[in-house]
Amino acid sequence: MAAFDIDRRKVGLPLAEAIFAAPNNTQRFFREVPDNDVTVAAGPALDGVSAMMRNSEAEASFQPIVERPITVADIAAVLKQAQAQVVISFLPVGSELASEFYAQCAIEAGAAFVNGIPVFLASRQSWARRFEAAGLPVLGDDFKAQIGATIVHRALANLFKIRGAELDRSYQLNVGGNTDFMNMMDMDRLTSKRISKTEAVQSAVKARLDDNNVRIGPSDYVPWLMDQKVAYIRLEGRLFGGVATNVELRLSVEDSPNAAAMALIAIRCARIALDRGVAGAIPDVCAFLFKHPPVQMDDQTAAEKLTAFASQGKGS
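Keep in mind that this is a model prediction, so the values were computed, not measured.

Novice: Account for the overall build of the protein chain, naming residues and giving values.
Specialist: Counting secondary structure elements, the protein chain contains 11 helices and 10 strands. Its C-alpha atoms give the protein chain a radius of gyration of 20 Å, within 12% of the compact-globule value 20 Å for 316 residues. For the protein chain, with 316 residues in total, the buried portion stands at 49%. Counting contacts in the protein chain only where the partners sit at least 6 residues apart, residues at least 24 apart contribute 75% of the total. When the accessible surface of the protein chain is split by element, carbon and sulfur atoms take 53% of a total near 15300 Å². Here the protein chain holds 33 positive side-chain charges and 36 negative ones, and the gap between their average locations is 4 Å.

Novice: Describe helix α6 (residues 149-162), listing the residues and the values that go with them.
Specialist: If you check α6, its first and last C-alpha atoms are 20 Å apart, about what 14 residues at 1.5 Å a residue would give, namely 20 Å. Listing the buried residues of α6 in full gives Ala149, Thr150, Ile151, Val152, His153, Arg154, Leu156, Ala157 and Phe160. Contacts from the buried residues of α6 go to β6 (166-176), α8 (191-202), β7 (214-221), β8 (228-238), β9 (244-254) and α11 (299-311). Backbone geometry just downstream of α6 places Gly164 in the positive-phi region, at approximately 75°.

Novice: Please provide a residue-by-residue account of the pairing of β6, values included.
Specialist: Bridging between β6 and β8 involves 10 bridges; their strand directions are antiparallel. The partner of Tyr171 across the bridge, within β8, is Arg234. Direction of pairing for β6 relative to β7: parallel, over a ladder of seven bridges. In the strand pairing of β7, Leu173 is matched with Gly217.

Novice: Hey, could you go over a nonpolar patch on the surface for me, with residue numbers and the actual values?
Specialist: On the surface, Ile19, Phe29, Phe30 and Val33 cluster together into a nonpolar patch covering about 420 Å² of accessible area. For Phe30, the location among the structural elements is in the loop between α1 (15-18) and β2 (41-42).

Novice: Account for the pattern of salt bridges, with residues named and values stated.
Specialist: Across all of its chains, the model carries 15 salt bridges by this definition. Residue Lys10 is joined to Asp5 by a salt bridge in which the shortest nitrogen-to-oxygen separation is 4.0 Å. When its relative accessible area of 10% is taken as the criterion, Lys10 is described as buried. Residue Asp5 is classed as partly exposed on the basis of its relative accessible area of 23%. Of the charged contacts, one joins Glu248 and Arg234 as a salt bridge, the two residues approaching to 3.0 Å between their closest N and O atoms. Linking Glu248 in strand β9 with Arg234 in strand β8, this pair joins segments that are 14 residues apart in sequence. Owing to a relative accessible area of 53%, Glu248 belongs among the exposed residues under this scheme. Judged by its relative accessible area of 18%, Arg234 is buried.

Novice: Tell me what's going on with the packing of helix α3 (residues 72-82) against helix α4 (residues 96-109), and back it up with residues and numbers.
Specialist: Running from N to C, α3 and α4 cross one another at 50°; their axes reach a closest spacing of 8 Å. With respect to α4, the axis of α3 lies oblique. Both α3 and α4 take part in a crossing whose hand is right-handed. Residues Val72, Ile75, Ala76, Leu79 and Lys80 of α3 form the contact with α4, whose own contacting residues are Phe101, Tyr102, Gln104, Cys105, Glu108 and Ala109. The class makeup of the residues in the contact of α3 with α4 is eight nonpolar, one polar and two charged.

Novice: Explain α8 to me, and be specific about the residues and the numbers.
Specialist: The terminal C-alpha atoms of α8, which comprises 12 residues, lie 16 Å apart, in line with the 16 Å expected from a rise of 1.5 Å per residue. Most of α8 sits inside the fold, with nine of its 12 residues counted as buried. Among the residues of α8, those classed as buried are Ser192, Lys193, Arg194, Ser196, Lys197, Thr198, Ala200, Val201 and Gln202. For α8, the secondary structure elements touched by its buried residues are α4, α6, β6, β7 and β8.

Novice: If you had to explain the pairing of strand β4 (residues 112-115) to someone new, which residues and values would you point to?
Specialist: Both faces of β4 are covered, namely the face carrying Ala112 and Val114 and the face carrying Phe113 and Asn115. Sheet topology places strand β3 (residues 86-89) next to β4; four bridges connect them, and they run parallel. Pairing of Ser89 across the sheet is with Asn115, part of β4. The parallel pair β3 and β4 is bridged by α4, and the resulting crossover is right-handed. Note: β4 against strand β5 (residues 137-139), two bridges, orientation parallel.

The rules behind each value
- Residues numbered from 1 in each chain as written.
- Predicted model: local features only at pLDDT ≥ 70, side-chain atom pairs only at ≥ 80, totals over all residues.
- Heavy atoms only, no water.
- Helix = DSSP H or I, 4+ residues; strand = E, 2+ residues; numbered from the N terminus.
- Rg over C-alpha atoms; globule rule 2.2 N^0.38 Å.
- Buried < 20%, exposed > 50% of the residue type's maximum accessible area, 1.4 Å probe, protein only.
- Contact = heavy atoms within 4.5 Å.
- Areas by Shrake-Rupley, 256 points an atom, 1.4 Å probe, with all protein chains shown as cover.
- Lys, Arg positive; Asp, Glu negative; His and termini not counted.
- Charge placed at Lys NZ, Arg CZ, Asp CG, Glu CD.
- Expected span 1.5 Å × (residues − 1).
- Pairing = 2+ DSSP bridges.
- Patch = residues over 30% accessible without salt bridge, like charges linked within 9 Å, V, L, I, M, F, W, Y side chains within 5 Å.
- Salt bridge = Lys/Arg side-chain N within 4 Å of Asp/Glu carboxyl O.
- Axes fitted to C-alpha atoms, helices over the stretch in contact; angles between N-to-C directions.
- Parallel < 35°, antiparallel > 145°, perpendicular 65-115°, else oblique.
- Left-handed = near helix turned anticlockwise from the far one by under 90°.
- Nonpolar A, V, L, I, M, F, W, Y, C, P; charged D, E, K, R; others polar.
- Right-handed = clockwise from strand over helix to strand, strands pointing away.

This is a description of form; function is not addressed.
Shown next, in the form of structure tokens:
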């Protein structure tokens, strides 16, 4: 319906071409994308371009266009003209101002909002209330990928819990070679990301770990990995009699399609909520899809809640 970016290699191109433009570097598993008459429009950069990005090799980082001032009213007008019903945000980690900007654009355009990154909107009462007052749904925050580091880490932590073992300490160290990992080399942008990933795991353990005994988050940028993400996960604990045990796991995934699977579900659920007149944050949808939902649930319960939400009103 509409698309926005700040990179000169994408703005002004048909969407079907822009998705393959640098610095995108994921696997191309579907090459023949039909033209849908959508041209990528310019959005405001705001805080979406980190210092790391501005000082890195141009081909692998963002190349912001020289933009005129762009307002909420400008973006909302494009969304209204396109009759967009759901807006999804995959802004860079740490884009607090830009995330709030596009959330307000969605409200002004009368569209639902899906927040794929660790800026707290659906899980922050002030923003959830804004969407509720506007009669619009908001889903977030920060996607759990289909088979990603967080969901695997949660499963292992839950295994300790249900098997009666004590979990004493754990880490999850992630490296990758896409612009997300380059951007996250700016440590000042990582506060919400570390909170999001850590709380997703802490909510799955039997007893909350001391802050010094858990470390979760991005660790380094390795350009030749491209869109491949590699996670190193370790859990240390005790079995019967206090006997020590540890689990170490290496997970390798293609980062973008891993998140896209959940994005599709979120878009569909946002549209369902919009059609039903459900407004504000929706815990029964967010808990399964996002690392930092309004309410944390174990993954089995969250899956059941999501299915029940999607099936509500259908015949048996």
